[in-house]
Amino acid sequence: MEETMIEAFDTVDVIRTKRDGEELSTAQIDWVIDAYTRGWVTNEQMAALAMAVFINGMNRREIFDWTKAMIASGECLDFGSLPRPTADKHSTGGVGDKITLPLAPLVASFGVAVPQLSGRGLGHTGGTLDKLEAIPGWQADLSNEKIMEILGTGCGAVVCAAGAGLAPADKKLYALRDVTSTVDCVPLIASSIMSKKIAEGSASLVLDVKVGSGAFMKNVDKARVLAETMVALGKDAGTHTVALLTDMSTPLGREVGNAGEVSEAVEVLAGGGPADVVELTVALAREMLTAAGKPEADPAKALASGAAMDTWRAMIRAQGGDPEAPLAKAKEHMEVKAERSGVLSRLDALSVGVASWRTGAGRARPGESVQLGAGITLHAKPGDTVTAGQTLFTLHSDEPQRFARALEALEGGWEISDSFEGARPLIIDRIS
Ligand code: URA
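Residues numbered from 1 in each chain as written. Predicted model: local features only at pLDDT ≥ 70, side-chain atom pairs only at ≥ 80, totals over all residues. Heavy atoms only, no water.

The protein goes by Pyrimidine-nucleoside phosphorylase in an unreviewed UniProt entry, where it is assigned to Mobiluncus mulieris ATCC 35239. Quoted verbatim from the Subunit (unreviewed entry) field of the UniProt record, the comment on the protein reads "Homodimer." As stated in UniProt under Sequence similarities (unreviewed entry), the record for the protein gives "Belongs to the thymidine/pyrimidine-nucleoside phosphorylase family." (UniProt positions renumbered as here; feature names shortened; annotations may be inferred.)

K.L.:
Please set out a nonpolar patch on the surface residue by residue, giving values where relevant.
P.N.:
A cluster of nonpolar side chains, namely Met51, Phe54 and Ile55, defines an oily patch on the protein surface of about 270 Å² accessible area. Overall, isoleucine 55 belongs to the exposed group, its relative accessible area being 61%. (Patch = residues over 30% accessible without salt bridge, like charges linked within 9 Å, V, L, I, M, F, W, Y side chains within 5 Å. Areas by Shrake-Rupley, 256 points an atom, 1.4 Å probe, with all protein chains shown as cover. Salt bridge = Lys/Arg side-chain N within 4 Å of Asp/Glu carboxyl O. Buried < 20%, exposed > 50% of the residue type's maximum accessible area, 1.4 Å probe, protein only.)

K.L.:
Just give me the short version of the UniProt feature "domain: Pyrimidine nucleoside phosphorylase C-terminal" (unreviewed entry) in the protein, but keep the residues and values in it.
P.N.:
In the UniProt entry, the feature "domain: Pyrimidine nucleoside phosphorylase C-terminal" (unreviewed entry) is given for residues 343–417. In the segment residues 343–417, helix accounts for 28% and strand for 29%; the C-alpha atoms at its two ends are 5 Å apart. (Helix = DSSP H or I, 4+ residues; strand = E, 2+ residues; numbered from the N terminus.)

K.L.:
Could you give an account of the side chain of glutamate 200, naming the residues involved and the relevant values?
P.N.:
Looking at the secondary structure, you find glutamate 200 in helix H9 (residues 186–200). When near neighbours in sequence (up to four residues on either side) are disregarded, glutamate 200 contacts Leu77, Phe79, Asp88, Pro115, Leu117 and Leu166. (Contact = heavy atoms within 4.5 Å.)

K.L.:
Describe the site of the ligand, naming the residues involved and giving the relevant values.
P.N.:
Residues in contact with the ligand, as listed here, are Tyr174, Arg177, Ile189, Ser192, Ile193, Lys196 and Phe216. Side-chain polar atom of serine 192 to a nitrogen atom of the ligand: 2.6 Å apart, as the coordinates give it. Listing elements by their share of the shell around the ligand, those giving two or more residues are helix H8 (168–178) and H9. Residue contributions to the shell around the ligand peak at four residues, all from H9. Considering only residue class, the shell around the ligand consists of four nonpolar, one polar and two charged. (Near = heavy atom within 4 Å. Polar contact = N/O pair within 3.5 Å; in protein donor to acceptor, adjacent residues only side chain to side chain. Nonpolar A, V, L, I, M, F, W, Y, C, P; charged D, E, K, R; others polar.)

K.L.:
Describe the packing of aromatic side chains, naming the residues involved and giving the relevant values.
P.N.:
Inspection of every chain in the model, using the stated rule, returns two aromatic pairs. Ring geometry for phenylalanine 9 and tryptophan 31: centres 6.0 Å apart, planes at 55°, overall tilted. Here the residue phenylalanine 9 occupies a position in the segment before helix H1 (11–19), and tryptophan 31 occupies one in helix H2 (residues 26–38), the gap between them amounting to 22 residues. Judged by its relative accessible area of 26%, phenylalanine 9 is partly exposed. On the numbers, 5.5 Å between centres and 80° between planes, the contact of phenylalanine 393 with tryptophan 414 is edge-to-face. Of this pair, phenylalanine 393 sits in strand E11 (residues 391–397) while tryptophan 414 sits in strand E12 (residues 414–417), and the two are 21 residues apart along the sequence. Positioned above the aromatic ring of tyrosine 36 is the side chain of lysine 172, whose terminal nitrogen or guanidinium carbon lies 4.4 Å from the ring centre. Taking the ring centre of tyrosine 174 as reference, the NZ or CZ of lysine 196 above it sits at 5.7 Å. (Phe/Tyr/Trp six-rings, centres within 6.5 Å; stacked < 30°, edge-to-face > 60°. Lys NZ or Arg CZ within 6 Å of the ring centre and 35° of its normal.)

K.L.:
Please give an account of the domain arrangement of the protein that cites residues and values.
P.N.:
Here the protein is described as being made up of domain 1 (11–57), domain 2 (87–319) and domain 3 (332–417). With centres defined by C-alpha atoms, the gap from domain 1 to domain 2 works out at 30 Å. Between domain 1 and domain 2, the residue contacts involve 12 residues of the former and 12 residues of the latter. With both chains or domains summed, domain 1 and domain 2 bury close to 1000 Å², and 79% of this area falls on carbon and sulfur atoms. Taken together, the connections running from domain 1 to domain 2 amount to zero salt bridges. Our count for the domain 1 to domain 2 interface comes out at one residue pair in polar contact (both at pLDDT 80 or more). When residues of the side of domain 1 that touches domain 2 are traced back to their parent elements, those giving at least two are H2 and helix H3 (43–56). No other element matches the seven residues that H3 contributes to the side of domain 1 that touches domain 2. (Domains from an automatic or database assignment. Buried area = accessible area lost by both parts, 1.4 Å probe.)

K.L.:
Could you give an account of the side chain of lysine 18, naming the residues involved and the relevant values?
P.N.:
Here lysine 18 lies in helix H1. Only 3.0 Å separates the side chain of lysine 18 from the side chain of glutamate 62, close enough to count as a polar contact.

K.L.:
Can you tell me about the nonpolar core, naming the residues and giving the values?
P.N.:
With 130 residues, the main nonpolar core has Ile33, Met46, Trp66, Val209, Trp312 and Phe393 as its most contacted residues. Sequence-distant contacts of phenylalanine 393, defined by excluding residues within four places in its chain, comprise Met334, Glu335, Val336, Leu347, Ile376, Thr377, Leu378, His379, Leu410 and Trp414. (Core = buried A, V, L, I, M, F, W, Y, C linked by side-chain atoms within 4.5 Å.)

K.L.:
Any chance you could break down the pattern of salt bridges for me, citing the residues and the numbers?
P.N.:
One pass over the structure, following the stated rule, counts 30 salt bridges. The salt bridge partner of lysine 337 is glutamate 335, with a shortest N-O separation of 2.9 Å. By relative accessible area, lysine 337 is classed as partly exposed at 42%. Judged by its relative accessible area of 45%, glutamate 335 is partly exposed. Three or more residues are tied together by salt bridges with common partners; here these are Asp310, Arg313, Arg317 and Glu324.

K.L.:
Outline the packing of helix H15 (residues 349–361) against helix H16 (residues 403–410), supporting the account with residue identities and numerical values.
P.N.:
Two numbers describe a pair of packed helices, the interaxial angle and the distance between the axes. At a minimum axis distance of 8 Å, the contact between H15 and H16 shows a crossing angle of 175°. Judged by the angle between their axes, H15 and H16 are roughly antiparallel. On the side of H15, the interface is formed by Ser351, Val352, Val354, Ala355, Arg358 and Thr359, while H16 contributes Arg405, Ala406, Glu408, Ala409 and Leu410. Class assignment for the residues of the contact of H15 with H16 results in six nonpolar, two polar and three charged. (Axes fitted to C-alpha atoms, helices over the stretch in contact; angles between N-to-C directions. Parallel < 35°, antiparallel > 145°, perpendicular 65-115°, else oblique.)

Take a look at the structure:
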């Protein structure tokens, strides 16, 4: 006779515990994550539990157990055999955030292995893989053997898709949270990000926790709690973890959209590019290099001299891309002009992110393809003086019928005034 598996808990009891604001035990958490991954706990039940967590929270021990259980749901990579120290970076996501593109080859050019297992964009925030796919031939999917080869004896930097085997419980749960309004919750965000990052196995991790309209965390206090939670999770798991809180009230750089962001990243690697992109790239590189035992390295000098460009080219070629090939261009363009002279006193990240997404640069549903040349070029940034009639933004799309809705998203998202109060600092705080 076939043996029936006896489950250790009743799902309804686990949901009721959290619904009533009580603590979940380690055994309950281990079981519920495993049973959800196996399909015993249904999506409806997990949605109820996620909402109970959203409303009642979890304490540090519960978050740590939840993270460990999600790591245990899949495989872990081990970079311990590599001849180079490893350092990883994760950004909680923003508008115009192309920092991984110059950062990975920059840090690798100092002899550090940089495994950047990245995602695709959904909603108004772009995805690093979508951006790199604007380079002809570039492939996001690599085998674990190929990743190890590039990190160990190749150029040292890999930006690729996380395999299905890493934290599968999180993949399932993240998709469920996305459609049940349970994304925006510190314990669930922290455990989601850190389960994947710890399973990736890098010895050190630098977190870029974004704050502002274009980020998950709209205010500094909430972002600080998220950063502190993730740093504690990393340390508990033995990963050297540091977080920077950085401003996302206005887009990073002057290009928002896939091909535009790649070309801006190349400008930065050539020693130019917008000051904010350079500042954040250098700050994150310093943290990664220090964590990897190279505090004497000077990433600002390396960027300014173009020294990391060879590593960029090697990184793109190692994944089938042609770094010299022209990038995709949109077929249609539309300019938005200043109606008066003054100073651009506000440029809202969320408005620009949604507008760029509506040009076709992002996807509305998982699995849709994106337009590689679509997006927005920002000809002025907060603090810049503008004159009436000057072009403020250029919208790019293959489908001109998209411009009207993109313009609607931009409306009210920028302001020209007589004076400017001063830019917010880009790097708000450091948490270690
Ligand atoms: N990114 C993730 O991987 N998980 C979240 O919950 C939020 C952002």
